[in-house]
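# What the coordinates show
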Amino acid sequence: MSEHGRFDLEEIRALIRLAAEAELTELEVAAPHLTVRIKKDSGPAAETHAAGAASAPAPDAAAQAAGQTVAQERRYAPIASPMVGTFYRAPKPDAPVFVQEGDTVEVGQTVCILEAMKLFNEIPSEVAGRIVRVLVENGAPVEYGQPLFLVDPSAVA
Amino acid sequence: MFNKVLIANRGEIAVRIIRACRELGVGTVAVYSEADRESLHVRMADEAFCVGPAAARDSYLNIPNIMATAEVLGVDAIHPGYGFLAENPHFAEICQDSQITFIGPPADAIYKMGDKSAARQLMRHAGIPVIPGSVGQVRDEAAALAAAKQTGFPLVIKAAAGGGGRGMRVVQSASDLRRALGAAQSEAEAAFGDGALYLEKYLASPKHIEVQIIADGRGTTIAVGERDCSIQRRHQKLLEETPAVELSPRLRRALLRAAVRAAEVVGYANAGTVEFLVEGTNHLYFMEMNTRIQVEHPVTEMVTNIDLVKEQIRIAAGERLALPREVQSHGHAIECRINAEDPARDFLPSSGPITAFVPPGGPGIRVDTHAFAGYTIPPHYDSLIAKVIAWGRDRDEAIARMRRGLREFEIGGVRTTIPFHLKVLDNAFFRKGEVSVNFVQRRIDLADLRSP
């Protein structure tokens, strides 16, 4: 099975770390083929049950958590690969990368290069916002529809 | 031998090729469209890469993305299966230019056999019989009458730009021909925007018999055996068998010889199939050559014990043919194509989720499929969901096993062609081996399949 075919464990772990760093209680990433939803249960009941074998969040705690997260709930948009190729973050090996985490991008702005059959294709962003994550390593092969970057569309410059 | 083969196809044939690669110890790369993410070939391959959205032209026909996948994953060879890119000489050329082996014939052979009317001319020059007909197009009555002298009556008028039986009419005499010509011309004009016609000798009840050949590209071409594919509906094959019934040893030898000659004329290499129409006990006519593995290849495998897909891969890898010139055949094999179509409703495609799927088994039964319970048949591709192949020591045993197998086969959620096949297998004419390309039209009352 392809490790590139879908979100692998490493990618999901990275998303969980990302959610934790940003102190989000909920993170949903929608790619064409898969949606990953990470939800942190911050209610005290859930915490005490976490060590136990069977944890059932108390209904009132869940309702409380839902109320708290409305303000923080975010939905990040992926920039998906429009083709199959090799992913490069910079125009040349020693040149600076097109974008890095924290940068804001506009629609149409080049975010990476995909090389296929000796042709270098500049890939424009389809969304505007802040890059919150680069999901693919420089030089890795990517398939059609694979998420390359996560963008926070609410953080438009 | 190759290290890694990319399978540029989907469905049961992709699964079939992965199996052959695995037995040869060759790594596999599946490509798939967004509609096939949950497909069996994706699950079975060592690696899988999405190459585009559901529409075939954007995924399974997307040459740039398929070649990019081959490149980034470092494959040695591409197996095209059947359909999609299998008979595209341009694709075979691109593979060659990219130094990736195309598991199939040389681009030039695909090209020569691809233009069907040019191929018939080529075969005629090589001394292989083709259906007598007008040379080129017929535009007026005088030309038509001159052509009719060559072919004799009855003959069939066809639209040069046509296909699928539209614009076709059968005429019995010269006066008939004069009368029919104008109508056929305007019909062709209306249907295809081109009134050009051609004439061909009319065959009343021909059989469709084809010959499997294998060539190693080093001067050895062998005929592996014939298949009778006369059970068709609207030119779509539904049931195939081997050996062909009621075929005299003499005519059989002539067919095998003609097939080998046809392959040699175009410098063929790898596996291919030469299709003929056979009329009566003496006449064979070259129709066309399919320059790829065919859907119905398993019946030949069952009686010869030759793995045709593995042979394709071995030949492409440059190995010499390890087969005898005279292939021995044992018993009889039949294949039924199980399509997700409703025979009670004019074979209407029936896509959607398969709720139950229990394929048959037991002695002499082989099932090639990519379907499983929980699989959803996407509406974007062909309707073939399984091939049931039955082998028996003789035709009667093969028929009995097929009937038994099809009754065992449980498919829930979609309509299939199983009831149609059971009806064919029960038909007295079929059981006597009296088949022709008109069999379904003449002998099967499809209205009976309409359940109350």
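The residue numbering used here restarts from 1 in each chain and proceeds along that chain's sequence as written. Chains and ligands are labelled sequentially in the order written, the chains with letters from A and the ligands with numbers from 1. Note on the predicted model: pLDDT of at least 70 is required for a residue's local features to be given, and 80 or more for side-chain atom pairs to be given and counted; whole-chain, interface and lining totals, by contrast, use all residues.

## Some words on the overall build of chain B
Counting its secondary structure elements, chain B contains 15 helices and 22 strands. By the compact-globule yardstick of 22 Å for 452 residues, chain B fits well, its C-alpha radius of gyration being 22 Å. Each residue is classed by its C-beta neighbour count within 10 Å, where at least 20 other C-beta atoms makes it buried, 12 or fewer makes it exposed, and intermediate counts make it partly exposed; the C-beta atoms are placed from backbone geometry. For chain B, buried positions account for 48% of its 452 residues. Counting only contacts in chain B whose residues sit at least 6 apart along the sequence, the fraction spanning at least 24 positions is 65%. The way it works is that DSSP assigns letters per residue, a run of H or I at least four long becomes a helix, a run of E at least two long becomes a strand, and they are numbered from the N terminus. Atoms considered for the radius of gyration are the C-alpha atoms alone. The globule rule reads 2.2 Å times the number of residues to the power 0.38. We call two residues in contact when the distance between their C-beta atoms, placed using the backbone, is within 7 Å.

## Some remarks on the overall build of chain A
The helix and strand tally for chain A stands at three helices and 10 strands. Look at the contacts in chain A between residues 6 or more apart in sequence, and 59% of them connect residues 24 or more apart.

## Structural notes on the interface of chain A and chain B
Contact with chain A, which involves 16 residues of that partner, is made by 16 residues of chain B. The nonpolar class holds Ala, Val, Leu, Ile, Met, Phe, Trp, Tyr, Cys and Pro. Asp, Glu, Lys and Arg form the charged class, and all remaining residues, Gly among them, are polar. Partitioning the side of chain A that touches chain B into residue classes produces eight nonpolar, seven polar and one charged.

## With respect to the pairing of strand β8 (residues 129–134) of chain A
Residue and element names in this part refer to chain A. Paired strands, in this sense, are two strands between which DSSP finds at least two bridges. Direction of pairing for strand β5 (residues 104–105) relative to β8: antiparallel, over a ladder of two bridges. Along β8, the bridge assignment pairs Thr104 with Arg130. As defined by bridge partners, β8 adjoins strand β10 (residues 147–152) across four bridges and the pair is classed as antiparallel. By the bridge assignment, Val134 is partnered in β10 with Phe149.

## Details of the sheet that holds strand β4 (residues 77–79) of chain B
Residues and elements named next belong to chain B. As summarised here, the arrangement of the five strands in space is β3-β2-β1-β4-β5, forming an open sheet in which the pairing is parallel. Edge strands, defined here as strands with exactly one partner in the open sheet, are β3 (47–52) and β5 (101–102). Pairing geometry for strand β1 (residues 4–7) and β4, over three bridges, is parallel. Bridge pairing links Ile7 to His79 in β4. Geometry is summarised by axes, namely lines fitted to C-alpha atoms with helices restricted to the contacting stretch, and by angles between N-to-C directions that run from 0 to 180 degrees. Here helix α3 (residues 63–72) sits on the sheet in contact with β1, β2 (27–33), β3 and β4, set at roughly 155° to β3.

## What about the confidence of the model for chain B?
pLDDT expresses, on a scale from 0 to 100, how confident the predictor is about each individual residue. Predicted confidence across chain B gives a mean pLDDT of 94, with 98% of residues reaching 70 or more. Overall fold confidence for the complex sits at a pTM of 0.84, while the interface term, ipTM, reaches 0.76.

## As for the pairing of strand β13 (residues 283–290) of chain B
In regular strands, side chains alternate between the two faces of the sheet. Residue and element names in this part refer to chain B. Sheet analysis places strand β12 (residues 270–279) next to β13, joined by seven bridges and oriented antiparallel. Its bridge partner lying in β13, Leu277 is registered against Tyr285. Joining the antiparallel neighbours β12 and β13 is a turn of three residues, in which Gly280 adopts a positive phi near 65°.

## Some details on the domain arrangement of chain B
Bear in mind that the domain bounds are from an automatic or database domain assignment. With domains assigned, chain B is organised as domain 1 (4–103), domain 2 (141–201) and domain 3 (207–449). Taking the mean C-alpha position of each, domain 1 of chain B and domain 2 of chain B sit 42 Å from one another.

## Brief notes about the sheet that holds strand β8 (residues 197–201) of chain B
All names here are of chain B. Strand order in this open sheet of three strands is β7-β6-β8, and the pairing throughout is antiparallel. Of all strands in the sheet, those bounded by a partner on one side alone are β7 (169–171) and β8. Pairs of neighbouring strands in the sheet enclose a mean axial angle of 30°, with direction left out of account. Across three bridges, strand β6 (residues 155–159) lies against β7 in antiparallel orientation. From the neighbouring strand, Ile157 faces β7, where its bridge partner is Arg169. Contacting β6 and β8, helix α7 (residues 141–151) crosses the sheet at an angle of about 20° to β8.

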